[in-house]
Amino acid sequence: SGYKVTLYKHDNFGGASLVLTGDDACFVDNNFNDSTSSLKVETNSNTSSIVIQAESYNYMSGIDVEATTDAGGGQDVGWIDAGDWLSYAVTIPTTGTYQVSYRVASPNSNATLRLEKDAGATQLGTVNIPNTGGWQNWANVSHTVSLPAGSYNIGIATSTGGFNLNYLTITN
(Lines give C-alpha, C1' and ligand atoms only; values in the text may rest on other atoms or scores of the structure.)
Protein backbone atom coordinates (compact mmCIF):
# COMPACT_ATOMS: atom_id res chain seq x y z
CA SER A 1 0.00 0.00 0.00
CA GLY A 2 3.05 2.27 0.11
CA TYR A 3 3.46 2.52 -3.65
CA LYS A 4 1.56 2.84 -6.90
CA VAL A 5 2.57 1.78 -10.40
CA THR A 6 1.18 3.44 -13.52
CA LEU A 7 1.40 1.24 -16.63
CA TYR A 8 1.29 2.90 -20.09
CA LYS A 9 0.53 1.24 -23.45
CA HIS A 10 2.88 3.51 -25.42
CA ASP A 11 6.46 4.71 -25.07
CA ASN A 12 7.15 7.98 -23.27
CA PHE A 13 4.22 7.48 -20.89
CA GLY A 14 1.51 7.78 -23.56
CA GLY A 15 -1.63 5.95 -24.57
CA ALA A 16 -3.99 4.06 -22.31
CA SER A 17 -2.87 3.72 -18.71
CA LEU A 18 -3.65 1.64 -15.64
CA VAL A 19 -2.82 2.50 -12.02
CA LEU A 20 -2.09 -0.35 -9.61
CA THR A 21 -1.30 -0.11 -5.90
CA GLY A 22 0.06 -2.47 -3.29
CA ASP A 23 -3.55 -3.42 -2.60
CA ASP A 24 -3.70 -5.19 -5.97
CA ALA A 25 -2.90 -8.87 -5.45
CA CYS A 26 -1.79 -9.49 -9.06
CA PHE A 27 -0.15 -7.15 -11.56
CA VAL A 28 -0.70 -9.38 -14.59
CA ASP A 29 -4.47 -9.91 -14.45
CA ASN A 30 -5.44 -6.70 -16.26
CA ASN A 31 -4.29 -7.47 -19.84
CA PHE A 32 -1.56 -4.84 -19.56
CA ASN A 33 1.33 -7.19 -18.77
CA ASP A 34 2.44 -7.96 -22.36
CA SER A 35 1.57 -4.57 -23.81
CA THR A 36 3.10 -2.14 -21.30
CA SER A 37 5.93 -0.13 -22.80
CA SER A 38 6.37 2.52 -20.06
CA LEU A 39 5.77 2.47 -16.34
CA LYS A 40 6.09 4.87 -13.46
CA VAL A 41 6.56 3.81 -9.82
CA GLU A 42 5.65 6.34 -7.12
CA THR A 43 4.98 6.40 -3.42
CA ASN A 44 1.29 6.19 -2.66
CA SER A 45 0.89 8.71 0.10
CA ASN A 46 -2.63 8.82 1.44
CA THR A 47 -1.52 10.67 4.55
CA SER A 48 -3.96 13.19 5.89
CA SER A 49 -3.96 15.34 8.99
CA ILE A 50 -6.69 16.93 11.03
CA VAL A 51 -5.64 19.98 13.06
CA ILE A 52 -7.92 20.92 15.94
CA GLN A 53 -7.39 24.20 17.73
CA ALA A 54 -7.64 23.61 21.49
CA GLU A 55 -10.09 26.49 21.95
CA SER A 56 -12.47 24.88 19.39
CA TYR A 57 -13.89 22.42 21.93
CA ASN A 58 -17.59 21.62 21.87
CA TYR A 59 -17.77 20.86 25.62
CA MET A 60 -15.37 21.40 28.53
CA SER A 61 -15.04 21.42 32.26
CA GLY A 62 -12.74 23.69 34.27
CA ILE A 63 -10.56 25.37 31.66
CA ASP A 64 -10.22 28.85 30.21
CA VAL A 65 -8.67 30.36 27.06
CA GLU A 66 -5.92 32.95 26.71
CA ALA A 67 -3.84 34.57 23.98
CA THR A 68 -0.89 32.43 22.88
CA THR A 69 2.60 33.52 21.90
CA ASP A 70 3.04 30.33 19.85
CA ALA A 71 3.68 30.62 16.11
CA GLY A 72 0.48 31.57 14.33
CA GLY A 73 -0.95 33.42 17.32
CA GLY A 74 -4.57 32.97 18.36
CA GLN A 75 -5.59 31.37 21.61
CA ASP A 76 -4.61 28.38 23.71
CA VAL A 77 -6.40 26.52 26.48
CA GLY A 78 -4.97 27.18 29.93
CA TRP A 79 -5.78 26.97 33.60
CA ILE A 80 -5.98 23.20 33.21
CA ASP A 81 -6.25 21.49 36.58
CA ALA A 82 -6.56 17.85 37.71
CA GLY A 83 -9.94 16.49 36.61
CA ASP A 84 -10.49 19.02 33.81
CA TRP A 85 -11.49 17.84 30.33
CA LEU A 86 -12.31 19.02 26.81
CA SER A 87 -14.39 17.40 24.06
CA TYR A 88 -13.92 17.73 20.29
CA ALA A 89 -16.01 16.56 17.33
CA VAL A 90 -13.92 14.58 14.83
CA THR A 91 -14.51 12.66 11.63
CA ILE A 92 -12.00 9.84 11.16
CA PRO A 93 -12.01 8.63 7.52
CA THR A 94 -10.87 5.05 8.04
CA THR A 95 -10.29 2.71 10.95
CA GLY A 96 -6.59 2.47 11.69
CA THR A 97 -3.53 3.59 13.56
CA TYR A 98 -3.09 7.34 13.94
CA GLN A 99 -0.44 9.58 15.44
CA VAL A 100 -1.92 12.22 17.70
CA SER A 101 0.39 15.16 18.42
CA TYR A 102 -0.30 17.83 21.02
CA ARG A 103 1.21 21.33 21.14
CA VAL A 104 1.79 21.88 24.86
CA ALA A 105 3.56 24.24 27.26
CA SER A 106 4.25 23.69 30.95
CA PRO A 107 6.58 24.87 33.71
CA ASN A 108 5.82 21.60 35.56
CA SER A 109 7.19 18.09 35.43
CA ASN A 110 5.11 14.91 35.50
CA ALA A 111 1.98 16.33 33.85
CA THR A 112 -0.10 13.95 31.70
CA LEU A 113 -3.08 14.04 29.41
CA ARG A 114 -5.39 11.24 28.26
CA LEU A 115 -7.13 10.85 24.94
CA GLU A 116 -10.59 9.34 25.42
CA LYS A 117 -13.70 8.35 23.52
CA ASP A 118 -17.26 7.52 24.61
CA ALA A 119 -17.33 10.18 27.35
CA GLY A 120 -14.23 8.68 28.97
CA ALA A 121 -15.40 5.06 28.83
CA THR A 122 -12.79 4.21 26.18
CA GLN A 123 -9.20 5.17 27.03
CA LEU A 124 -7.20 5.64 23.81
CA GLY A 125 -3.83 6.56 25.28
CA THR A 126 -1.85 8.75 27.67
CA VAL A 127 0.97 11.21 26.97
CA ASN A 128 3.55 12.60 29.41
CA ILE A 129 4.01 16.35 29.15
CA PRO A 130 7.54 17.55 29.88
CA ASN A 131 8.60 20.76 31.58
CA THR A 132 8.96 23.03 28.54
CA GLY A 133 10.30 25.93 30.58
CA GLY A 134 7.16 28.04 30.86
CA TRP A 135 3.47 28.51 30.17
CA GLN A 136 4.23 29.86 26.68
CA ASN A 137 7.29 27.74 25.79
CA TRP A 138 5.79 25.29 23.30
CA ALA A 139 6.76 21.73 22.42
CA ASN A 140 5.13 18.78 20.68
CA VAL A 141 4.34 15.46 22.34
CA SER A 142 2.64 12.56 20.61
CA HIS A 143 1.48 9.00 20.80
CA THR A 144 0.03 6.38 18.47
CA VAL A 145 -3.58 5.30 18.96
CA SER A 146 -6.13 3.11 17.21
CA LEU A 147 -9.20 5.00 16.05
CA PRO A 148 -12.39 3.68 14.49
CA ALA A 149 -13.83 5.29 11.36
CA GLY A 150 -16.76 7.64 11.83
CA SER A 151 -17.90 10.93 13.30
CA TYR A 152 -17.82 11.15 17.08
CA ASN A 153 -16.41 13.10 20.02
CA ILE A 154 -12.96 12.56 21.45
CA GLY A 155 -11.93 13.91 24.82
CA ILE A 156 -8.76 15.20 26.39
CA ALA A 157 -8.70 14.72 30.15
CA THR A 158 -6.04 15.04 32.82
CA SER A 159 -5.50 13.73 36.31
CA THR A 160 -2.59 16.15 36.86
CA GLY A 161 -3.31 19.47 35.13
CA GLY A 162 -0.49 21.99 35.02
CA PHE A 163 -0.11 22.58 31.28
CA ASN A 164 -1.43 24.67 28.38
CA LEU A 165 -2.70 23.19 25.09
CA ASN A 166 -2.59 25.08 21.78
CA TYR A 167 -3.76 22.43 19.29
CA LEU A 168 -3.74 18.76 18.46
CA THR A 169 -3.05 17.06 15.14
CA ILE A 170 -4.39 13.64 14.13
CA THR A 171 -2.40 12.04 11.29
CA ASN A 172 -2.94 8.67 9.61
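Now for a quick tour of the structure.

**Some words on the overall build of the protein chain**
Line of reasoning, step 1. When helices and strands are tallied, the protein chain shows 0 helices and 14 strands.
Line of reasoning, step 2. Taken across its 172 residues, the protein chain has 37% of its residues classed as buried.
Line of reasoning, step 3. For the protein chain, contacts bridging at least 24 residues in sequence account for 70% of all contacts bridging at least 6.
Line of reasoning, step 4. Carbon together with sulfur atoms contributes 47% to the accessible area of the protein chain, which is approximately 9000 Å² in total.

**Topic: the environment of Ala16**
Line of reasoning, step 1. Examined against the element boundaries, Ala16 turns out to sit in strand 2 (residues 14–21).
Line of reasoning, step 2. As for Ala16 and Thr36, which are separated by 20 residues in sequence, their C-alpha atoms are 9.5 Å apart.

**Thoughts on unusual backbone geometry**
Line of reasoning, step 1. One non-glycine residue, Trp79, adopts positive backbone phi at about 55°.
Line of reasoning, step 2. Structurally, the position occupied by Trp79 is in the loop between strand 7 (75–78) and strand 8 (85–92).

**With respect to the sheet that holds strand 11 (residues 122–129)**
Line of reasoning, step 1. One open sheet accounts for 5 strands, arranged 5-8-13-10-11; its pairing is antiparallel. Two strands lie at the open edges of the sheet, namely strand 5 (59–61) and strand 11, each paired on one side alone. Neighbour to neighbour, the strand axes of the sheet diverge by 25° on average, direction disregarded.
Line of reasoning, step 2. Pairing of strand 10 (residues 111–117) with strand 13 (residues 150–157), which is carried by 4 bridges, proceeds in the antiparallel orientation. What sits directly across from Arg114, in strand 13, is Ala157.

**Considerations on the packing of aromatic side chains**
Line of reasoning, step 1. A full pass over the atoms with the stated rule returns 0 aromatic pairs.
Line of reasoning, step 2. For Lys117, the ring lying beneath its charged end belongs to Tyr152, and the centroid distance is 4.8 Å.

**A few points about the pattern of salt bridges**
Close approach of charged atoms allows side chains of opposite charge to pair.
Line of reasoning, step 1. Throughout the structure, instances matching the rule amount to 3 salt bridges.
Line of reasoning, step 2. With a shortest N-O distance of 2.9 Å, Arg103 and Asp70 are connected by a salt bridge. Of this pair, Arg103 sits in strand 9 (residues 96–106) while Asp70 sits in the loop between strand 6 (64–67) and strand 7, and the two are 33 residues apart along the sequence.
Line of reasoning, step 3. The class for Arg103 is buried, based on a relative accessible area of 15%.
Line of reasoning, step 4. Overall, the relative accessible area of 9% leaves Asp70 in the buried class.
Line of reasoning, step 5. Between Arg114 and Glu116 there is a salt bridge, with its nearest N and O atoms 2.7 Å apart.
Line of reasoning, step 6. Exposure remark for Arg114: the relative accessible area of 24% places this residue in the partly exposed category.
Line of reasoning, step 7. The exposure class assigned to Glu116 is buried, which follows from its relative accessible area of 10%.

Definitions and limits used
Residues numbered from 1 in each chain as written. Predicted model: local features only at pLDDT ≥ 70, side-chain atom pairs only at ≥ 80, totals over all residues. Heavy atoms only, no water. Helix = DSSP H or I, 4+ residues; strand = E, 2+ residues; numbered from the N terminus. Buried < 20%, exposed > 50% of the residue type's maximum accessible area, 1.4 Å probe, protein only. Contact = heavy atoms within 4.5 Å. Areas by Shrake-Rupley, 256 points an atom, 1.4 Å probe, with all protein chains shown as cover. Pairing = 2+ DSSP bridges. Axes fitted to C-alpha atoms, helices over the stretch in contact; angles between N-to-C directions. Phe/Tyr/Trp six-rings, centres within 6.5 Å; stacked < 30°, edge-to-face > 60°. Lys NZ or Arg CZ within 6 Å of the ring centre and 35° of its normal. Salt bridge = Lys/Arg side-chain N within 4 Å of Asp/Glu carboxyl O.

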